[in-house]
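Structural features, examined
As a plain string of letters, each chain reads:
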Amino acid sequence: MSHTLPIWLVGGVLLVGAGFATTLLPRWRARQRARRTAWSTARAQIDSAAVSRDAAGTRVPEAEQLLARAELIAAGRGGPAAARTAAGYARQADRLWREHP
């Protein structure tokens, strides 16, 4: 008597594996796309704040602290939530520099 697995068992395992792959792969890709998009937005906000800082005639300590926080978070390379936080800090810093005479 042979100790091989029945063909239906192997087929079932392959079918379940394919089901997991077709379910998880699109979700993984969507998460990766969301992460890249969030970090792209954060980097754009940080760059915009840096331009406003360079164009400002005076120092704005609060804005400088916010931009430093945003850059520190960006250096840590977290997920989309970290990117949104960094973008928010950079956006606030940019606004402060633009509003400051």
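An account of the accompanying structure is given in this report. As the structure is a computational prediction, the values presented were derived from the model and not from experiment.

So, how was this worked out
Residues numbered from 1 in each chain as written. Predicted model: local features only at pLDDT ≥ 70, side-chain atom pairs only at ≥ 80, totals over all residues. Heavy atoms only, no water. Helix = DSSP H or I, 4+ residues; strand = E, 2+ residues; numbered from the N terminus. Expected span 1.5 Å × (residues − 1). Buried < 20%, exposed > 50% of the residue type's maximum accessible area, 1.4 Å probe, protein only. Contact = heavy atoms within 4.5 Å. Core = buried A, V, L, I, M, F, W, Y, C linked by side-chain atoms within 4.5 Å. Salt bridge = Lys/Arg side-chain N within 4 Å of Asp/Glu carboxyl O. Phe/Tyr/Trp six-rings, centres within 6.5 Å; stacked < 30°, edge-to-face > 60°. Lys NZ or Arg CZ within 6 Å of the ring centre and 35° of its normal. Polar contact = N/O pair within 3.5 Å; in protein donor to acceptor, adjacent residues only side chain to side chain. Axes fitted to C-alpha atoms, helices over the stretch in contact; angles between N-to-C directions. Parallel < 35°, antiparallel > 145°, perpendicular 65-115°, else oblique. Left-handed = near helix turned anticlockwise from the far one by under 90°. Nonpolar A, V, L, I, M, F, W, Y, C, P; charged D, E, K, R; others polar.

Details of helix 3 (residues 80–99)
End to end, helix 3 covers 28 Å across 20 residues, agreeing with the expected 28 Å (1.5 Å per residue, within 8%). Here helix 3 has its buried residues at A83, A86, A87, G88, A90, A93, D94, L96 and W97. Looking at the buried side of helix 3, the elements it contacts are helix 1 (7–55) and helix 2 (61–76).

Quick notes on the nonpolar core
General note: in soluble globular proteins, nonpolar side chains tend to be found buried as a group. Counting 18 residues, the largest nonpolar core has A93 and W97 as the members making the most contacts within it. Looking at this core element by element, the count peaks at seven residues for helix 3.

Examining the pattern of salt bridges
Using the criterion set out here, one finds four salt bridges in the structure. Measuring nitrogen to oxygen at the nearest pair gives 3.1 Å for the salt bridge that ties R98 to D94. A residue pair is termed a helical-turn pair when its members lie 3 or 4 positions apart in one helix, as R98 and D94 do in helix 3 at four residues. Looking at D94, the relative accessible area reads 9%, which means it is buried. Here E99 and R95 are joined by a salt bridge, their closest N and O atoms 3.4 Å apart.

Considering the packing of aromatic side chains
With the rule as written, the count across this model stands at zero aromatic pairs. Its end group placed over the ring of Y89, R69 keeps NZ or CZ at 5.6 Å from the ring centre.

A closer look at the environment of T22
Its place among the elements puts T22 in helix 1. Within the structure, T22 has its side chain in polar contact with the backbone oxygen of G19 (distance 3.0 Å).

Quick notes on the packing of helix 1 against helix 3
Viewed as axis vectors pointing N to C, helix 1 and helix 3 meet at an angle of 20°, and their least axial separation amounts to 8 Å. With respect to their mutual orientation, helix 1 and helix 3 come out roughly parallel. Helix-helix and strand crossings are classified by hand; for helix 1 and helix 3 the assignment is left-handed. Residues R35, A38, W39, A42, Q45, I46, S48, A49, S52 and R53 of helix 1 lie in contact with helix 3, whose contacting residues are P80, A82, A83, A86, A87, A90, R91, A93, D94, W97 and R98. Its residues assigned to classes, the contact of helix 1 with helix 3 shows 13 nonpolar, three polar and five charged.

Digging into the side chain of S52
The residue S52 is located in helix 1 in this model. The buried category is assigned to S52, whose relative accessible area is 8%. Setting aside anything within four residues of it in sequence, one finds S52 in contact with D94, W97 and R98.

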